[in-house]
Each structure stands twice: as structure tokens, then as C-alpha cells.
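Below, each chain spelled out in residue letters.
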Amino acid sequence: QTGFHMPDTNLSIKPSRYTFSLIQTVSAVFISILLLVSFLSMVSIRGVERVGGYFDTLSEQALPLALHNAELTQSVLEQVKLLTYSTQSTDLDTLNATRGSVDQLASESNAILEELLFISQSFPDAISLEQQQILIDDMAQLQQMTNTVLLAQIDIQSKQNLIDSKMGEFRYGVGSIGPEMNRISSFLVEDNPEASDAANRFTSSASAMANTFLMLMMQSDIDKAQDEYRQLRNRIAGLNLAYSDFADWHPDIAEFASLTAPYEMVKEGFTEEGVIRQILLKLELVKQQEQNLAQVITLANTVINTLNQLSSTAAHLIDESELVVTQTITNAGENAVV
């Protein structure tokens, strides 16, 4: 049986080793791909989470901080604008309507400020507790001073309306007494130089008073108006003295209503409720209002400066978040390509 041959064992072992080596290689590559995909997935998920976190910061903190800051700044500027316009208004109905608008803006500002301070708690470096309290105090004082200026303007216009109602009467009186004294004295005074002198002094004082009163009406400075007022006091004293001297010689002068009626109008103008005193009170209010308005503008600038600091912080946060989001998306895209 020389024709029977045993199989070659070496030939049967080689294919088995080759097959085993190929399986190991494929498995290793597959595992590597799985690990790479898993790694990329983890990187992508973390990137998405990171992007989401910054979007949350933008939507819940930075953007609301910027928006509330802008709204509050706009409200402050609007209050100052309305206040400035109101100081030029001469209509009481318009002033009262403006006051209502300012009160509404103040109420809205308080609500915005409360939300702004709540959001700013997430950014302790943006505004300190001391600055927060200063902002609260400045806003409260700003609203108080705004209301004070508006009430002063209403008072000023009320005074002006009262002055207008009394001015015609006073000007009629001071313009009438001089010519009327001349007319009456022309037939009462005969050869009495002292009575004639009293009549002339009366007429001269009345004429000077009319001119001084005109100067007073044109004054916008309280100090200069006080000078005119002192001159008017001297004029009325001279007028009263001249009338008294003339009446000593001619007591029947009191029976001439054409003189005594306008003379009473003139004297009424010097009372506490008279036109002259009202002019002075109005000018005092105007001077005080100018000081209050300057204080309001200073307070508004202080508030806006504080808000600008918050605005800068919000802008920095937005820029920072934008940069991180952009970088994360770019990195995720590059990883996806790889």
C-alpha cells in the first residue's frame, strides 16, 4: 500500500493562523472606530452642553441685563426730557398731563430697576452692593426732585395767571392817577403853592412808579427785581405823602372817585396778595426751580453713569459668550470632519 500518503499537517495549519490574524485586525479596526466615534460623540455632547450653557447665560442673564439697563436709561432720559419741556409750558392742563406721564414713567422705572438689580445678583463683579444702594437712592431722589420741579412749574404758572389777572388793574390805576390829579388840581388849587407842589409830587411819583413797574415786569433776575421793588416802595411812600399833603389843603379830594378808585387799585398792588408781591414770589420760584432742575440733571447723569457700567459688563458677557459659542461650534465642525 505504497500508494497511501498521510496528509501534510503543515498545510492545514497555515490557513487557520491566517484567518485568526485577519479577524484580530478587523476587530481591532472596528473597536478603534467605535472608540473614535464614542470620543467624538462625547466631545460633541460636551460642546453642545457648553454652547447651551452659554446660551442660557445670554438668554437668562446677559441679554436681560442689557435690555433692562437700556430700558431704564431710556426712561430716565424721557423723564428729563419731559421735565425740560414742562419748564417752558404755560398751560396748566398740559403741565398736569405731563405730571401724569412722569408719574407713570417713574412707576415703570421702579419695576425695571427692581428686575435689573435682581439680575445683577448673578454678576457680583458688575455692581457692588454699595453701588446698588446708591443707584436705588439716586433713582428715588431723582423722582422726588422731578416731582418738585413739576409742582414748582405748576405753581409758577398759577402765579403768572394771577399776575396777569391783576396786572391790568394795577397798570390802569398807576396810569390814571397822575393825569387825574392834574385835572382835579387845576380847578381846586388857586393861589396855593404848597397844594400845587403836593399835586405835582403826586403826579411825578405816579409817572416814575409806572416806569419802575414796567422795568419790574421785564426782570427775570430776582436780585435785580428786588432793586426795582425797593424803588417802587419809595414811589408809593412818596405818592402817599403827596396825597396826604394835598388832602390837608383840600379834604374834598376824597370825593373824587375818578382819582380815589384807581389810587386804591395802586395801593392794592402793594399788598401781600397784590401783583407786585406775586411777581417777586414767581421770580423766587423760578430761581429755585432752576437750581432744582440742575440737580435733577446731575442726578440723571449719575444714574446713567452707573447704568453705563452695567452696560459695559453686559456687553463684555455677550462678547465672551459669543466667542466661546463660535469656538465650540468651529471645534465641533472640525472634529466631525476628522
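Whatever comes next refers back to the structure up there.
Residues numbered from 1 in each chain as written. Predicted model: local features only at pLDDT ≥ 70, side-chain atom pairs only at ≥ 80, totals over all residues. Heavy atoms only, no water.

(A) Layout of the side chain of Gln-289. Within the fold, Gln-289 resides in helix α7 (residues 275-337). Ignoring anything within four residues of it in the chain, the contact list for Gln-289 reads Thr-87, Val-149, Ala-152, Gln-153 and Ile-156. (Helix = DSSP H or I, 4+ residues; strand = E, 2+ residues; numbered from the N terminus. Contact = heavy atoms within 4.5 Å.)

(B) Spatial organisation of the packing of aromatic side chains. This model, assessed by the stated rule, comprises 6 aromatic pairs. Where Phe-187 meets Phe-256, the ring centres are 6.0 Å apart and the plane angle is 50°; that geometry is what we call tilted. With Phe-187 in helix α3 (residues 129-188) and Phe-256 in the loop between α5 (222-249) and α6 (257-268), this residue pair connects regions lying 69 residues apart in the sequence. Between Tyr-243 and Tyr-263, the ring centres sit 4.7 Å apart and the planes meet at 40°, which makes this aromatic pair tilted. Residue Tyr-243 is found in helix α5, and its partner Tyr-263 is found in helix α6; the two are separated by 20 residues along the sequence. Both residues of the pair, Tyr-243 and Tyr-263, belong to the buried class. What links up through ring pairs into an aromatic cluster is the set Phe-170, Phe-213 and Phe-270. The ring centre of Tyr-263 lies 4.6 Å from the NZ or CZ of Lys-267, which sits over that ring. (Phe/Tyr/Trp six-rings, centres within 6.5 Å; stacked < 30°, edge-to-face > 60°. Buried < 20%, exposed > 50% of the residue type's maximum accessible area, 1.4 Å probe, protein only. Lys NZ or Arg CZ within 6 Å of the ring centre and 35° of its normal.)

(C) Layout of the pattern of salt bridges. This model, assessed by the stated rule, comprises 8 salt bridges. The closest approach of N and O atoms between Glu-264 and Lys-267, which form a salt bridge, is 3.0 Å. Of this pair, Glu-264 and Lys-267 both sit in helix α6, 3 residues apart, roughly one helical turn. A relative accessible area of 45% means that Glu-264 is categorised as partly exposed. Residues Arg-277 and Glu-272 are paired through a salt bridge, measuring 3.4 Å at the closest nitrogen-oxygen approach. On the basis of relative accessibility, which here comes to 55%, the residue Glu-272 falls in the exposed class. A single network of salt bridges, built from pairs that share partners, joins Asp-197, Arg-201 and Asp-245. (Salt bridge = Lys/Arg side-chain N within 4 Å of Asp/Glu carboxyl O.)

Bear in mind that shape data such as this cannot, by itself, settle questions of function.
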